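# Structural features, examined
What follows is each chain in one-letter form.
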Amino acid sequence: MCRHLAYLGPPVSLRGLLYDPPYSLVRQSWAPRNMRGGGTVNADGFGVGWYAGDGDPVRYRRAAPIWGDVTLPALAAATLAGAVLAAVRSATVGMPVQESAAAPFAEGRWLFSHNGVVRGWPDSVVPLADRLPVRDLLTLDAPTDSALLWALVRHRLRADADPAEAVAETVAEVSEAAPGSRLNLLLTDGRTVVASAVGHALSVRATPDAVLLASEPVDDDPGWRSVPDRHLVVATSTSVRVRALAGA
Ligand code: GLN
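Below is a summary of the structure that appears in this document. Because the structure is a prediction, the values reported are computed rather than measured.

### Let's talk about the sheet that holds strand 2 (residues 46-50)
- In spatial order, the strands read 3-2-4-1-10-9-11; together these seven strands make up an open sheet with antiparallel pairing. Where the open sheet ends on each side, the last strands, each with one partner, are strand 3 (58-62) and strand 11 (224-226). On average, each strand axis in the sheet is tilted by 15° relative to the strand beside it, whichever way the strands run.
- Note that strand 2 and strand 3 share five bridges and pair antiparallel. If you follow Phe 46 over to strand 3, its bridge partner there is Arg 62.

This is the structure we're talking about:
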């Protein structure tokens, strides 16, 4: 299963975020510490999305392991951002390894990632997909569970749902349709981050002016809090709220 992280706060270099910490996302791609039995390495692609100025986020994604990417280290060292979402992917067996299947998925200001698996894919979620506009299904980023989850969340966002509700409702309907699914979702517009912990690990560290959410702590600093299972985090750079999801 993938590992992902999101940062909001004063601008930092992508290198400082993704490479430098002792248990950085890059290290987690080959030596994750807490995959809860869901895979071993995260070698099936990666993606980084960041907000440059006031515009929509920029993405850099590839279908290969992040550790072998020869472009990203220099790009990361030269790039500062105050809002970042990044992920390394371990494809679920049977799902394609391609760039468009690597998070973050994006539309407008939104960036989205999923760490986990939808059980019984694809049959279990046919009734949910059936409620989406046909166009959304024809233009799904990839034939994967994560891309469908993004389409379900995005459909709610397009209808002006509150982002926390969009994530909570999607987790609830997929949990009901596909029991046992692992649904760690991560959504940001560059100002607020919404993250669910359902079946996989999630940690959060808040400092006075920044917040970092990650599948696994990127260092051994004392400020990390582990998010309980079936809980939702809503964070800005200066606030963190954690609440129970249905069924917690
Ligand atoms: N099922 C997702 C995929 O194949 C897995 C994401 C992850 O957690 N590995 O893309």
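### Let's talk about the environment of Ala 151
- Position of Ala 151 among the secondary structure elements: in helix 6 (residues 145-158).
- Its relative accessible area of 0% is what places Ala 151 among the buried residues.
- Put simply, Ala 151 and Leu 132 are 19 residues apart on the chain and 8.0 Å apart in space, counted from C-alpha to C-alpha.
- Discounting chain neighbours no more than four positions away, the residues touching Ala 151 are Leu 132 and Leu 140.

### Quick word on the site of the ligand
- Neighbouring the ligand are 12 residues; Cys 2, Arg 89, Ser 90, Thr 92 and Asp 145 lie closest to it.
- Within the backbone of Cys 2, an N or O atom sits 2.5 Å from an oxygen atom of the ligand.
- Alone, the ligand offers 290 Å² of accessible surface; in the complex the protein occludes 100% of this.
- Those elements that place two or more of their residues in the shell around the ligand are strand 6 (110-117) and helix 6.
- Among the elements that make up the shell around the ligand, the one with the highest residue count is strand 6 (three residues).
- Its residues assigned to classes, the shell around the ligand shows four nonpolar, six polar and two charged.

About the thresholds
Residues numbered from 1 in each chain as written. Predicted model: local features only at pLDDT ≥ 70, side-chain atom pairs only at ≥ 80, totals over all residues. Heavy atoms only, no water. Pairing = 2+ DSSP bridges. Helix = DSSP H or I, 4+ residues; strand = E, 2+ residues; numbered from the N terminus. Axes fitted to C-alpha atoms, helices over the stretch in contact; angles between N-to-C directions. Buried < 20%, exposed > 50% of the residue type's maximum accessible area, 1.4 Å probe, protein only. Contact = heavy atoms within 4.5 Å. Near = heavy atom within 4 Å. Polar contact = N/O pair within 3.5 Å; in protein donor to acceptor, adjacent residues only side chain to side chain. Areas by Shrake-Rupley, 256 points an atom, 1.4 Å probe, with all protein chains shown as cover. Nonpolar A, V, L, I, M, F, W, Y, C, P; charged D, E, K, R; others polar.

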